[in-house]
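# Close look at the chain arrangement
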Amino acid sequence: MNRRDFLTGMSAGVSFLTLSSLFPRLAFAANGMDENFFVLIYIPAGWDTSLSMSPWVSETRPQESDYFIEYRKDELIKTSYGLVGPALAPLARYLENIRIINGVFMNATEVGHTSPSVYAMTGSGQGGLSTLSAELDYNVMKMPFGTITSGQIINNGKALNVMSADSLARLEIGSLMDDLIVSESQKSTELTRSKVNLLRYQDRIRNFKKMMDAFKGKNPQAGSDEAIMGAFVSGLSKTAFVNMFSYELDTHSSHPGTHLKTLSEAFQKVANLFDKFASMDYKGTSLLDKTTFMIVSEFTRTPALNTSRGKDHNPQGNSAILMGPKIKPGMMGDLHLVDRATSLLGAPYLAATPIDKITEQPVMRRQDALIIRPENVVATALAAIDLNADVLGASFAGTRVLKTALK
Amino acid sequence: MRTLIVFLILFQGSLGLASFDSNARRYMSYYEVIASLREFFLGSTSLPTGVISSTCLVVDADNKADLGYNSPATGEPITAAPNSNYIRWMSTCVGSYMSYLKMSSIKDSRLLSETTKKELFKTIDPNALLVWLDITEYNSLPESVKNDLVEFTFNLVFGPDDVFNQFGLMDAKLYRAKIRNHLDAQKYTVFKALSVIMLNYLNRDEFLSY
Amino acid sequence: MRALLIFSIFIFAQLSYAQTISNQAYLGKLSKSLRGIPISFQERQELAQAEITNSVDIYIDQKIHEYMKGGLFQIKMKTLVDEHFRLRANQNPFNVSQGYDNSYTLKTAYDFLVENIIGENKSWDNFLVAKKYTYEFFKNPNGLDGDQAFYGTLLNWQASYDLVSELNGGGSGRPISETVEFDPQDMRIAGVITTSRFLDRYQNTALNKNRRRAAAIFRSFLCDDMVAAIPAKTNDSENKDFDTLLPAAPNAQAGGKSEDQLRRELRKSDPHGTLPGCMACHSKLDPMGRTLGLSPFGLSDQLSAGALVYKTSGHSVNIPVRGVGELAEKITQQKEYLDCQVNLFWKWYVGQDVPKTEVRHNELVAAFEKGGRRPWDFVAYLVQTSEFKKPPVLLTESQILARNAAKILKRCYDCHKDQYENLEMQEWDLTDLPYGTTPQARAYAINQLSSALDIKGNGAKKYMPPKDSLWQLSTDQYDTLKKWIQEGAPDYSGQRQIP
């Protein structure tokens, strides 16, 4: 079944429409080839998967000292693949299109935010790679505007081509473009080469400007999201990185209520981005239908409340979301509770459940089992845009792809 | 030059510098280029509020990747050398400062030489200079004034020809001739011509690096 | 290949390239190097006048000193220092209205220390051995806060203020700045290391045993760069991960374990500190780390002993120290410290790619010493060197290729130099081009290198770097090395090493 047959839904009250038909679409002549686009969305500071992708669904509940659950079962959202947590409500319209990957293992011990966030966004725990979107542009797409970003890109030392989405939205080039004089014929520097590049793509840039003006005409608030769409459609970029940095999820204290609210707001922003992509025409279909999204955070949060009624870092388990034309909607993997009595860490935690190497079903055993790690999520996202994992370098070659997640 | 070294994130190599990737010749760093533009256009004149685009005045989340900000996490510049985003940023800022000059009351524009002013003031009222700049066609100017416009600003930005020539990229005279040819082929006002000159001069390695 | 579309860069050519830039170009370079902005039109005219009156040297000398005493020099150098320590606060050096910080942030002891060394031209060693701190804080009715609390714990400030001076009063929400000074012999204090800014930036955890701090000190003061990361997956680590995810349940005893027992077990499962590949660095980091168990919230009154341990060409250094103060003092006495700091200034003011012979390097070290290791003296010396005054020339593509290849190969040497096995590799500085004096030796070395990395096969059959290494080559890096070898593995001067 493809995602178009699957429009939800159960909670949004909209059923069996195509994504593209949900919105009146803005149409522009597309400059790019008919290609896949990729957007990495990062929700920083560690999301609580128990409120979202991996809720507690059983009638029997654990002791509150092991697992604090702030919702009733009837507050969970039904999907064709099971129940998801209340923080995903803003994404209701897209729940039948996304693939939830639960049980992503980041690290055995707590190592702060940096390493696991780098791991989640690059697929390399050793810092060997840059943020996936920028790495893809650098190694594969090599687009004139590179990766459009609304957050800081992790750069492991490559000359990445990165463009700020906000400054792109405010791009003031005008006729100056006609007046940039490149005079060197033989001797040239990086700066000269950049000028040549800029001039080579001036038609696309003008087209982009037209689009931005049209966006702003319809909505004066049009900004970085529209800049990403404009850059995609005008053939200036194929990858973007969106950091939902305005949301503070690091709820080491006062977690109940607060985290749910802020995580819901973050997913609302994701839904808004999806809506905008769906409303953008791209060669007879919508831009949403041509884009693969990967949504990550650095870890989930500990199941029990600490003494400040907060939830701490839980890198032993995490989740990720994929959505795209070649992603098969559904849910895979699992997170299970390691309770206080069993935990060697002195506190309960949510552990990534390994999956069977063949069936990819969660299994509580080691033999023939695979621990899902961020590199597997990255390799799967790459497969969804028809790329082999080795585009990220020889050391990434052969990284296991989660086949269940693909159509 | 492209940097090809891959370092790890936590304890990064120490090759980076305040500016873009460092070599014997380096680009001015992210805040230096901001300070230099301000110094060039305004000198000690106090900054007018709300006129110059903020991206040209402060390093912020929007411009720092483009300007070669050195990431505190890695000790490396985010981009190794000025890329096309940098040129776009510079163009925006040249435009912003030029618009300011246009609307400001600085009659004795720094961008015109005393010789040119003397020549111009033979026929126009000094108080009407800015209006004149904005309505007069560049191509209607005498050759000597056209040359002086290009040469005086060249000297302001780069200094004498030998400073420019020592970079080895291009001969100063040849470069100015190219600028002249470009301008002569357009129907620009004097002000627009000055903007174009500035756009090109300030986007040169000879200005941005040392 | 994108990375190989290398365009020429400017760089100083060989030392024999004797031409000197013009006075105008020199002053322009001085201004950008020292202040970060181009010279003014007026200065150009003054210089032209000085040329007429034959007083250029005097004028330029005057300008060097004028620039160094100016605020822009301090802002620029503070930025360089901040970036070197990776302590750059997320703030703008310039503000829209005042030309300085956008929103007021309290100046920490670290900020004052750097400004003091640069602004007052104090010995560079003060980054390690200073015992006097100034900082700002807001009066807090609920107790001490920020840096005041940080040093207060050591001075036992609860009721009385035992401070040297209060520079300006608070009131109406303005910050107060005050200065504290410790005894020169106080081994609990060590310049920039014992600032909350440094300790907060390089956080301590139960697992990292202060290694991040030790690594920052090795990198900043001894130019010894180490890397750390989540260890690469191995069969052994995979088993440990399964232990975490599927602990033998139910483990009735675990719940009853003391925190100490749990921590001990956690440490046992810390593969980063025990893997052989990691030990080369950890033998240096751990002894230093023992002196650095400090909190960013308050200094400890207890000394913690450790050692300064590292290997350098020809000898091993192992100096036991009673505390962080002695550690810092010992670092300033090391040759490697002097070399490192001299190279740092060279990188900042001349350019790291500008070659210098060993003799020249020693002259620079002597000049640094002669100037009392003070920044102004050394910077003034550097900007008057012939290397600074040489005009840039374009590098050839082969010369650029050699530099790019060497940057990659530096990673190999960085790791091998600390390893105790395989002496040959330990001593082979792969960045030292050309490899050997005879064509045969060079061909042999390049062949060895090429097969170890399997450069032809993009690493498919490589044995270096090891599969579980924290560092692996990217496809771009393979392409660079491939091209370098195809072009005859040119050395820095662009000469082919192999036919």
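Residues numbered from 1 in each chain as written. Chains lettered and ligands numbered in written order. Predicted model: local features only at pLDDT ≥ 70, side-chain atom pairs only at ≥ 80, totals over all residues. Heavy atoms only, no water.

## Re helix α9 (residues 211-222) of chain C
All names here are of chain C. Of all 12 residues in α9, 11 are buried, a share of seventy percent or more. The set of residues buried in α9 consists of Arg 211, Arg 213, Ala 214, Ala 215, Ala 216, Ile 217, Phe 218, Arg 219, Ser 220, Phe 221 and Leu 222. Remark: Cys 223 follows α9 within two positions and exhibits a positive phi of approximately 55°. (Buried < 20%, exposed > 50% of the residue type's maximum accessible area, 1.4 Å probe, protein only. Helix = DSSP H or I, 4+ residues; strand = E, 2+ residues; numbered from the N terminus.)

## As for the state of the cysteines
With the rule as written, the count across this model stands at 2 disulfides over all chains. With its sulfur 2.2 Å from that of its partner, Cys56(B) forms a disulfide with Cys93(B). Disulfide Cys56(B)-Cys93(B): torsion about the S-S bond near -95°, hence left-handed. Within this pair, whereas Cys56(B) is found in the loop between α1 (30-42) and β1 (70-71), its partner Cys93(B) is found in helix α2 (residues 84-103), the two being separated by 37 residues in sequence. Taken individually, Cys56(B) and Cys93(B) each receive the classification buried, so the pair is uniform in this respect. Across the disulfide from Cys223(C) sits Cys340(C); the S-S distance is 2.0 Å. Judged by the sign of its S-S torsion, about 75°, the cystine formed by Cys223(C) and Cys340(C) is right-handed. Taken as a pair, Cys223(C) in the loop between α9 and α10 (235-245) and Cys340(C) in helix α14 (residues 335-349) lie far apart in primary sequence, 117 residues in all. (Disulfide = S-S within 2.5 Å.)

## Things to note about the packing of aromatic side chains
The full count for this structure, using the stated rule, is 42 aromatic pairs over all chains. For the ring pair Phe158(B) and Tyr201(B), a centre distance of 5.4 Å and an interplane angle of 65° mean the geometry is edge-to-face. Separated by 43 residues along the polypeptide, Phe158(B) in helix α5 (residues 143-158) and Tyr201(B) in helix α8 (residues 190-202) bring together distant segments of the chain. With respect to class, Phe158(B) is no different from Tyr201(B); both count as buried. Pairing Tyr135(C) with Tyr151(C) gives two aromatic rings, centres 5.8 Å apart and planes at 20°, and the pair type is stacked. Here Tyr135(C), found in strand β2 (residues 132-137), pairs with Tyr151(C), found in helix α7 (residues 146-155); they are 16 residues apart in sequence, far enough to count as distant. Connected via pairs of aromatic rings, a cluster forms that spans Phe85(C), Tyr110(C), Trp124(C), Phe127(C), Phe221(C), Phe345(C), Trp348(C), Phe368(C), Phe378(C) and Tyr381(C). For Arg176(B), the ring lying beneath its charged end belongs to Phe154(B), and the centroid distance is 4.6 Å. (Phe/Tyr/Trp six-rings, centres within 6.5 Å; stacked < 30°, edge-to-face > 60°. Lys NZ or Arg CZ within 6 Å of the ring centre and 35° of its normal.)

## Brief notes about the confidence of the model for chain B
Residues at a pLDDT of 70 or more form 79% of chain B, whose mean pLDDT is 77. Low confidence marks residues 1-22 of chain B, where pLDDT is under 50. Its contacts with residues over four positions away, or in another chain, come to 132 contacts. (pLDDT = per-residue confidence, 0-100. Contact = heavy atoms within 4.5 Å.)

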